[in-house]
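Okay, here's what each chain looks like letter by letter:
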Amino acid sequence: MDIREIVLLASAALLFLALLYRFCRRDRADLLSTCVIGVIGLGMQGLALLAVRGGMDMFAGVLTEAGVVATGIAFIRLTGLFAFRLLLPALRVQAPRILEDVVVVAGYVAWILVRLRYAGVNPGELVAASAVVTAIIAFSMQDTLGNILGGIALQLDDSIDIGDWVKTDDLTGIVIQVGWRSTSLRTRNGEIVVVPNGLLMKNRFLVLGREVHGRPQWRRWVWFDCPNDVPPAQVIGTVRTCLQSAAIADVSNHPAPDCLLMGFSNGVCQYAVRYWLTDLWRDDPTDSEIRQHVIAALRRAGIPLALPQYRLRTVAEGEAFDRAKQQRDHARRTAVLRGAELFTHLTGDEVETLADRLVYAPYAAGDVITRQGDTAHWLYLVSSGEAEVFIENGDGTRRQVNVLSAGSFFGEMALLTGAPRRATVIARSNVECYRLDKQSFADLLLARPAIAEEVSHILAERQHGLENVLQDRDADSRQLHVAQKHHETLAAIKRFFALDR
Ligand code: CMP
């Protein structure tokens, strides 16, 4: 290289540096690192001159070569920065960062190969020697390389450009950067979504509204319904005329908005306005404006929007229905009372009156119907299923006292004595009960002393049963107590006489 060429290159480098420093504030960090590499390269070459004077020719040769390579790399990088960050944007060309990187790296490789050839090394041999290492690296970095190659392929086949609107799965955004590993999209909600390039390569994605004649166009659909007794031609004509003559921001005139009949069901006709949106940021606001124009145009023409219509089958549940239901319920209660041993002596009228006071109370198997110790409010008549009566022991265990089936009653003890419930009653199976409130039970006993007598007999028997179970429990616990005492005494005697040694 002669002195003229060196001065030319140095002037170019200084010009790029000055322009980039002045106009690309955001790239000053890159500029600085490039300068550092350049200064190191020049410094090495300066050192090499000193080494030559000191007689270290070999060392000087290596230093010179390394310095030339570093200076060249700095110059290539600076040229790349100038071209991609200043020149192309000034010409309104938005090149993705990956393209800049690829071009600059290709420049580095070419420069290094040239220098290797100058130094007498055959680049072909070098490539063959490093093939195995390259294969190993490629294998271990499959995903990363996939993403990188994906990024390059996306650029080369021109499938994605910065500024394109892209839709993948449920996500739509504008491409703001295509990098080595990933492509960044900015959504309409202001989120940045980073999509690995490999994913874009493998999956289908939509590029929305790519520029046609210098501006983007994306077809949108806005739906509305009108009653089917309005002639569709009238609806279509009204809407079409309105939309084609109105000046609506971001709606293209070429092709102009259109209106079509898309279907009819449930007594309404479904129409769609199809229009071409020119600013993809404003999808919903423009749809909204179209809707406003449609509503106004239809109103002016006296055409209503349709309300959804459904065919309903209604069943009249009038007084007769209610009466029949009441009669059925009443008949069931009467049957329950007639089936109960306790009420066999009641006259037909008494049964009818009492039946009206019963309250239906179903229980699922395992439900606690009344609990020992609770305050009593109801007398229970079992109409189906089985209920178990238990005594709770206070330590979480319980003893069964009896099992009550259909036709039995319970809850009389606490109601008659005013004491808390004597036992717990639990549904053994699904149980259907009818409850009689305290006052109605009292009225019944007053009106029919025979029932009181009957109940008192049963109550006495039940109390006896309860006592027996309680005694058994006490006997058991007494036995347990005695056995325990015996054990303790025996142990004390053995200890005293030292019998267990
Ligand atoms: P009450 O004490 O109000 O609540 C628990 C009910 O269990 C009790 O009334 C009786 O109706 C019933 N009951 C108690 N002991 C027996 C028994 N031995 N046989 C049948 N039912 C009983």
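All figures in this text were calculated on a predicted structure; none of them were measured in a lab. Here, residues in each chain are numbered from 1, in the same order as that chain's written sequence. Thresholds applied to this predicted model are a pLDDT of at least 70 for local features of residues and 80 or more for the giving and counting of side-chain atom pairs; totals over whole chains, interfaces and linings are not thresholded and use all residues. Heavy atoms from the whole structure form the basis of all side-chain values; hydrogens and water molecules are not counted.

Here we look at the overall build of the protein chain
Then comes step 1: Counting its secondary structure elements, the protein chain contains 15 helices and 16 strands.
Then comes step 2: This radius of gyration counts C-alpha atoms alone. The globule rule is 2.2 Å times how many residues there are, raised to the power 0.38. A compact globule built from 501 residues would reach a C-alpha radius of gyration of about 23 Å, whereas the protein chain, at 48 Å, exceeds it by more than 25%.
Then comes step 3: The C-alpha extent of the protein chain, read off along each of the three principal axes, is 135 × 105 × 40 Å.
Then comes step 4: Counting every position in the protein chain, which comprises 501 residues, the buried fraction comes to 33%.
Then comes step 5: In this analysis, two residues are considered to be in contact whenever any of their non-hydrogen atoms come within 4.5 Å of each other. Partitioning the intrachain contacts of the protein chain with sequence separation of at least 6 by distance along the chain shows that 67% fall at a separation of at least 24. Strands here mean DSSP runs of E at least two residues long; helices mean DSSP runs of H or I at least four residues long; both are numbered from the N terminus. To sort residues, take the accessible area from a 1.4 Å probe on protein chains only and compare it with the maximum for the residue type: under 20% means buried, over 50% means exposed, and anything in between is partly exposed.

A short note on the site of the ligand
Then comes step 1: Throughout, near means a residue has at least one heavy atom within 4 Å of the molecule or strand. The local shell around the ligand holds 15 residues, among which Gly-411, Glu-412, Ala-414, Arg-421 and Arg-422 are the closest.
Then comes step 2: Identification of polar contacts relies on pairs of N or O atoms within 3.5 Å, with a donor-acceptor requirement for protein atoms, meaning one able to donate a hydrogen and the other able to accept it, and with residues adjacent in sequence counted only if both atoms are side-chain atoms. Take Gly-411: an N or O atom from its main chain is 2.7 Å from an oxygen atom of the ligand.
Then comes step 3: One of the backbone N or O atoms of Arg-422 is found 2.7 Å from an oxygen atom in the ligand.
Then comes step 4: Surface burial for the ligand is 98%, taken as the share of its 460 Å² of free accessible area covered by protein chains.
Then comes step 5: For the shell around the ligand, the secondary-structure elements that each account for two or more residues are strand E13 (398-404), helix H13 (412-417) and helix H15 (449-496).
Then comes step 6: Split by residue class, the shell around the ligand holds nine nonpolar, two polar and four charged. Here the accessible surface of atoms and residues is derived via Shrake-Rupley with a 1.4 Å probe, and residues count as covered only by protein chains that are part of the display. Ten residues, namely Ala, Val, Leu, Ile, Met, Phe, Trp, Tyr, Cys and Pro, are considered nonpolar, four, namely Asp, Glu, Lys and Arg, are considered charged, and the remaining ones, Gly among them, are considered polar.

A few points about the packing of helix H1 (residues 3-23) against helix H3 (residues 57-90)
What describes two packed helices is the angle between their axes and the distance between those same axes.
Then comes step 1: At a minimum axis separation of 10 Å, H1 and H3 run at an interaxial angle of 45 degrees. On the basis of the axis angle, H1 is oblique to H3. When you trace H1 past H3, the crossing you get is left-handed. Where H1 abuts H3, its residues Leu-9, Ala-12, Ala-13, Phe-16, Leu-17, Leu-19, Leu-20 and Phe-23 lie against Phe-75, Leu-78, Thr-79, Leu-81, Phe-82, Arg-85 and Leu-86.
Then comes step 2: For the contact of H1 with H3, a count of residues per class yields 13 nonpolar, one polar and one charged. The axes used here are C-alpha line fits, helices contributing only the stretch in contact, and every angle between their N-to-C directions lies in the interval 0 to 180 degrees. Orientation is classified from the angle alone, with under 35 degrees giving roughly parallel, over 145 giving roughly antiparallel, 65 to 115 giving roughly perpendicular, and any other angle giving oblique. Crossing chirality is assigned from the near helix's rotation relative to the far helix, an anticlockwise turn below a right angle marking it left-handed and a clockwise turn marking it right-handed.

Observations regarding the sheet that holds strand E8 (residues 268-277)
Then comes step 1: When DSSP finds at least two bridges between two strands, those strands are taken to pair. Reading across from one edge, E6-E8-E7 is the order of the three strands in this open sheet, with antiparallel pairing throughout. Of all the strands in the sheet, just strand E6 (218-227) and strand E7 (258-265) have a single pairing partner and so form its edges. Strand-to-strand twist in this sheet, taken as the mean axis angle between neighbours without regard to direction, amounts to 25 degrees.
Then comes step 2: Strand direction decides the pairing type here: E7 and E8, joined by seven bridges, are antiparallel. Across the sheet, Leu-260 pairs through a bridge with Ala-272, a residue of E8.
Then comes step 3: Along the sheet face, helix H9 (residues 232-245) touches E6, E7 and E8 and points at about 150 degrees away from the line of E7.
Then comes step 4: Lying over the sheet, helix H10 (residues 283-300) contacts E6 and E8, oriented at roughly 35 degrees with respect to E6.

What about helix H2 (residues 28-53)?
Then comes step 1: Multiply 1.5 Å by the residue count of a helix minus one, and that product is the helix's expected span. The end-to-end C-alpha distance of H2, which contains 26 residues, comes to 38 Å, matching closely the 38 Å that a straight helix rising 1.5 Å per residue would cover.
Then comes step 2: Taken residue by residue, H2 has Leu-31, Thr-34, Gly-38, Gly-41, Ala-48 and Ala-51 as its buried positions.
Then comes step 3: Those residues of H2 that are buried lie in contact with H1 and H3.
Then comes step 4: A positive backbone phi angle near 85 degrees is found at Gly-55, which sits one or two residues after H2.

Quick notes on the state of the cysteines
Then comes step 1: When two cysteine sulfur atoms lie within 2.5 Å, the pair is treated as a disulfide. According to the stated counting rule, one finds zero disulfides in the structure shown.
Then comes step 2: Unpaired in this structure, Cys-242 has its nearest cysteine sulfur neighbour in Cys-259, at a distance of 10 Å.
Then comes step 3: The thiol of Cys-269 is unpaired, and the distance to the nearest cysteine sulfur, on Cys-226, comes to 7.9 Å.

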